[in-house]
Amino acid sequence: MGVDDSENLSLPSVVETLMLRHRDRWLRFVRRIVQNQADAEDVLQEAALRMLARERQFRTPEQARMYLGRIICNTAIELYHMRRRNRQRHRTLHEQLLGASDHGEPERCLREREESNANARMLTLLSEGLARLPLKQYEAVRLTVMDPGIASIRDAGVENNIPY
């Protein structure tokens, strides 16, 4: 499709040509934003419909490509923000009190909370077990495990007068 061809072609055929030529690249771009193949395809269809509904005329196919690319980007961003608003609206009160997650997925938040609870239980069991040790052994374990400056049990024993 050359520069002079755009005057002979209708907007639908220009959009079709652009989609055939650049669809895969646009689809990969949109999929990174919306994180879903089906939604990415919907974004491309919506963008094409928006461009056709506006019925703009372009002097070159390059102008049409750039305009369509901008519509695709804006449509993907709109979908992303709409989903984020809907997730926040439909979350239960307890889910909103969970720590912030980079991904914002409820399943991920639940999994993180369960892992945090499991870690808390293990730390409680560990502290109970350490409390049963004789004082000097407790100090040796605490110094070697919790103090990164001491490299070994021997060094901790020498430093704190604990027999090896």
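Reading guide: rules and limits
- Residues numbered from 1 in each chain as written.
- Predicted model: local features only at pLDDT ≥ 70, side-chain atom pairs only at ≥ 80, totals over all residues.
- Heavy atoms only, no water.
- Helix = DSSP H or I, 4+ residues; strand = E, 2+ residues; numbered from the N terminus.
- Buried < 20%, exposed > 50% of the residue type's maximum accessible area, 1.4 Å probe, protein only.
- Contact = heavy atoms within 4.5 Å.
- Salt bridge = Lys/Arg side-chain N within 4 Å of Asp/Glu carboxyl O.
- Core = buried A, V, L, I, M, F, W, Y, C linked by side-chain atoms within 4.5 Å.
- Phe/Tyr/Trp six-rings, centres within 6.5 Å; stacked < 30°, edge-to-face > 60°.
- Lys NZ or Arg CZ within 6 Å of the ring centre and 35° of its normal.
- Axes fitted to C-alpha atoms, helices over the stretch in contact; angles between N-to-C directions.
- Left-handed = near helix turned anticlockwise from the far one by under 90°.
- Nonpolar A, V, L, I, M, F, W, Y, C, P; charged D, E, K, R; others polar.
- pLDDT = per-residue confidence, 0-100.

### Observations regarding the side chain of Thr-75
Mapped onto the secondary structure, Thr-75 falls in helix 4 (residues 61-90). For Thr-75, a relative accessible area of 5% corresponds to the buried category. Residues within four places of Thr-75 in sequence aside, it is in contact with Val-43, Glu-46, Ala-47 and Arg-50.

### Quick word on the pattern of salt bridges
Enumeration over the complete set of coordinates arrives at six salt bridges. When the shortest N-O distance is used, the salt bridge between Arg-23 and Glu-41 registers 3.9 Å. Of this pair, Arg-23 sits in helix 2 (residues 11-34) while Glu-41 sits in helix 3 (residues 37-54), and the two are 18 residues apart along the sequence. Arg-23 sits in the partly exposed class, given a relative accessible area of 34%. Residue Arg-83 pairs with Asp-39 through a salt bridge whose shortest N-O separation is 1.4 Å. One end of the pair, Arg-83, is in helix 4; the other, Asp-39, is in helix 3, and 44 residues separate them in sequence. Classification of Arg-83 as partly exposed rests on a relative accessible area of 26%. Taken together, the salt bridges that share partners define one network made up of Arg-23, Asp-24 and Glu-41.

### Some remarks on the nonpolar core
Ranked by size, the top nonpolar core spans 22 residues in total, and within it Met-19, Trp-26, Val-30, Leu-44, Met-51, Leu-68 and Ile-72 carry the most contacts. The set of elements that each furnish at least two residues to this core consists of helix 2, helix 3 and helix 4. When residues in this core are grouped by element, the largest group, nine residues, is from helix 2. Beyond its immediate chain neighbours, meaning those up to four positions away, Met-51 contacts Leu-11, Val-15, Phe-58, Ala-64, Tyr-67, Leu-68 and Ile-71.

### Quick word on the packing of aromatic side chains
Tallying each qualifying case throughout the model produces one aromatic pair. An angle of 50 degrees between the planes, with centres 5.3 Å apart, marks the rings of Phe-58 and Tyr-67 as tilted. When the ring centre of Tyr-67 is taken as reference, the NZ or CZ atom of Arg-56 above it lies at 4.5 Å.

### Let's talk about the side chain of Asp-39
Here Asp-39 falls in the buried class, since its relative accessible area comes to 15%. Beyond its immediate chain neighbours, meaning those up to four positions away, Asp-39 contacts Val-34, Leu-79 and Arg-83.

### Here's the deal with the packing of helix 2 against helix 3
The N-to-C vectors of helix 2 and helix 3 enclose an angle of 145 degrees; their axes lie 9 Å apart at closest approach. For the element pair helix 2 and helix 3, the recorded crossing hand is right-handed. Seen from helix 2, the contacting residues are Leu-11, Pro-12, Val-15, Met-19, Arg-23, Trp-26, Leu-27, Val-30, Arg-31 and Val-34; seen from helix 3, they are Gln-37, Asp-39, Ala-40, Glu-41, Val-43, Leu-44, Ala-48, Met-51 and Leu-52. Residues belonging to the contact of helix 2 with helix 3 are distributed by class as follows: 14 nonpolar, one polar and four charged.

### Comments concerning the confidence of the model for the chain
Averaged over every residue, the pLDDT of the chain is 79; the share at 70 or more is 75%. Below pLDDT 50 for its whole length, residues 1-6 participates in 13 contacts with residues either more than four positions away or in separate chains.

### Focus: unusual backbone geometry
Look at Gln-35: it is not a glycine, yet its phi comes out positive at around 60 degrees. Looking at the element boundaries, Gln-35 is found in the loop between helix 2 and helix 3. What makes Gln-35 exposed here is its relative accessible area of 64%. Despite not being glycine, Glu-55 shows a phi value in the positive range, around 50 degrees. Tracing the sequence through the fold places Glu-55 in the loop between helix 3 and helix 4. The class for Glu-55 is exposed, based on a relative accessible area of 60%.

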